[in-house]
Amino acid sequence: MKKVGVAILGLGVVGGGTYQILTNKREFFQRTQNVDITVECVLECNRERALALGVPEEKIMTNIAEVVCNPDVSIVIEVIGGVDAAREYVLAALNVGKTVVTSNKELFCKYSHELERVAKLHNAGLYFEASCVGGVPIIRTLLDGLQANEITSMMGIINGTTNYILTKMSEEGMSYEDALAEAQKLGYAEADPTADVEGFDAAYKLSILASLAFHTKVPFSKVFREGIAGITQEMITDAQKLGYCLKLLAIGKRTDAGIEVRVHPTLVRKEHPLASVNDSFNAVYITGDSVGEVMLYGRGAGALPTGSAIVSDIIYAATHSENRYSTFKNTAEADGDVKFPSDFMSAYCLRIRVPDKTGVLSKITALFAKNDISLVEVLQSAKEGDTAGITLITHETRELAVRNAVEKINALEFAQVQSVLRVVS
Ligand code: HSE
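About the cut-offs
Numbering of residues starts from 1 in every chain and runs along the sequence as written. Where local features are concerned, this predicted model is filtered to residues with pLDDT of at least 70; where side-chain atom pairs are given and counted, the filter is 80 or more; whole-chain, interface and lining totals use all residues. To get the side-chain values, take all heavy atoms of the structure and skip hydrogens and water. By convention in these notes, a salt bridge is any Lys or Arg side-chain nitrogen within 4 Å of a carboxyl oxygen on Asp or Glu. Think of it this way: any DSSP run of H or I at least four residues long counts as a helix, any run of E at least two long counts as a strand, and we number them from the N terminus. Residue exposure (1.4 Å probe, protein chains only): buried if accessible area is under 20% of the type maximum, exposed if over 50%, otherwise partly exposed. Domain delimitation in this document rests on an assignment produced automatically or drawn from a domain database. Multiplying 1.5 Å by the residue count of a helix minus one yields the expected span of that helix. Any two strands with at least two DSSP-identified bridges between them are counted as paired.

Undergrad: Which residues make up the pattern of salt bridges, and what values go with them?
TA: Counted under the stated rule, the structure contains 21 salt bridges. When the shortest N-O distance is used, the salt bridge between E399 and R403 registers 2.8 Å. On the criterion of helical spacing, the pair formed by E399 and R403 is a turn pair, its members being 4 residues apart in helix α15 (residues 399-410). For E399, a relative accessible area of 2% translates into the label buried. Accessibility expressed as a relative area gives 39% for R403, which makes it partly exposed. The shortest N-O distance in the salt bridge between R422 and E399 comes to 2.9 Å. Within this pair, whereas R422 is found in strand β17 (residues 416-424), its partner E399 is found in helix α15, the two being separated by 23 residues in sequence.

Undergrad: Give a detailed account of the domain arrangement of the protein chain, specifying residues and quantitative values.
TA: Entries for the protein chain in the domain assignment read domain 1 (2-134), domain 2 (138-299) and domain 3 (345-424). Relative to domain 3, the C-alpha centre of domain 1 lies at a distance of 52 Å.

Undergrad: Explain helix α11 (residues 200-214) to me, and be specific about the residues and the numbers.
TA: Between its first and last C-alpha, α11 extends 21 Å over 15 residues, near the 21 Å set by a 1.5 Å rise per residue. Across the 15 residues of α11, 14 count as buried, placing the element largely inside the fold. H215 sits one or two positions beyond α11 and adopts a positive phi of about 55°.

Undergrad: Got a sec to walk through unusual backbone geometry? Specific residues and values, please.
TA: The backbone phi angle of V133 is positive, close to 60°, even though this residue is not glycine. Of note, V133 is situated in the loop between β6 (126-127) and α7 (138-145). Although it is not a glycine, E413 sits at a positive phi angle of roughly 75°. As for its position among the elements, E413 is in the loop between α15 and β17.

Undergrad: Which residues make up the sheet that holds strand β5 (residues 99-102), and what are the values?
TA: What the 6 strands build is an open sheet, ordered β3-β2-β1-β4-β5-β6; its pairing is parallel. This sheet does not close on itself; its edge strands, each paired only once, are β3 (60-61) and β6. Note that strand β2 (residues 35-43) and β3 share 2 bridges and pair parallel. Across the sheet, the residue bridging to L43 is M61, located in β3.

Laid out in structure tokens, this is it:
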């Protein structure tokens, strides 16, 4: 039976889950995969934490050099997070020919071109299933299961923290602040929640997933990003009245104009499969030219779900003699021929506050007509003093036409556009 030694860098939530799976299921992997995987050492400054997990004293290292020099380690698992130290450690491992498995989406998104070059130079593997959507095997699905397809679009709920917050706001009427505080209490959101709530986490993942789906480098800088920090209870209530729910969607599309990649709060029709993805769950809905529609659903974070993704990479690396790398030309920047249009097509939902007077609505709808924007639905919501809220849903139209209409409406002085949300029907 093949013997494979691994080292785990960092025993936080994900590192701890990975250690648990590897040690508890060693015999299962021997039996089902014909491979004996042993944890040879861990890199962890917090000795107590490592000891509490059952790591023998002599296997706890505090210096990366001790790990990469260990001849019994052939696979290094990077689960420390952050970018600078993680990059240094991963490069140190790759430079001595050790295969790396990482869950680090920011590192992989920003530096995979560099890491992959070094990995290839030293005939080392570089695997990253756990970097996107936790336990949901989306990377393997794109690399293996959907190879027959040209993927035309992917839409996903790929950040559990924001999905939890939006679910609490929608189902329990919580304010954004209260829902965020609860997400922090449960350990979903960090003390500084910026990466999740401002959409960075989802944008890193989308950059990686879109590069794989569309077989071309989609750098992070090309991802249009808006977070959920400005979402109010009123926006959600209006959406519900119109038959929608509000989700932070990551959208990747290949169109004749180029590749669209965007992360933003989106109204999703209640009948859409993504509308029922609630709490901290994630899902990705993919359309391929042969397969049609496919949806993957599951836990995007957590010790054992993310550990599951990491261990699947370890098993792949341990049972394949050839390394597998990205299926696109992995350069720092996008290929010069590929366009990333900012004037994409979408339907929109606009909330506008206006005086509750005759003729106001017709002035506003005239501005939409002038910008070639056709309306599907109009809802008048509760009065506030002398003003009323109007919520409008448009047909599919150009992003820039909507931005232009918003500017013109705000210039009317009496009207104020309070929110603009994109819509998926
Ligand atoms: N913070 C992420 C989320 C999990 O809330 O989905 C790790 O990517």
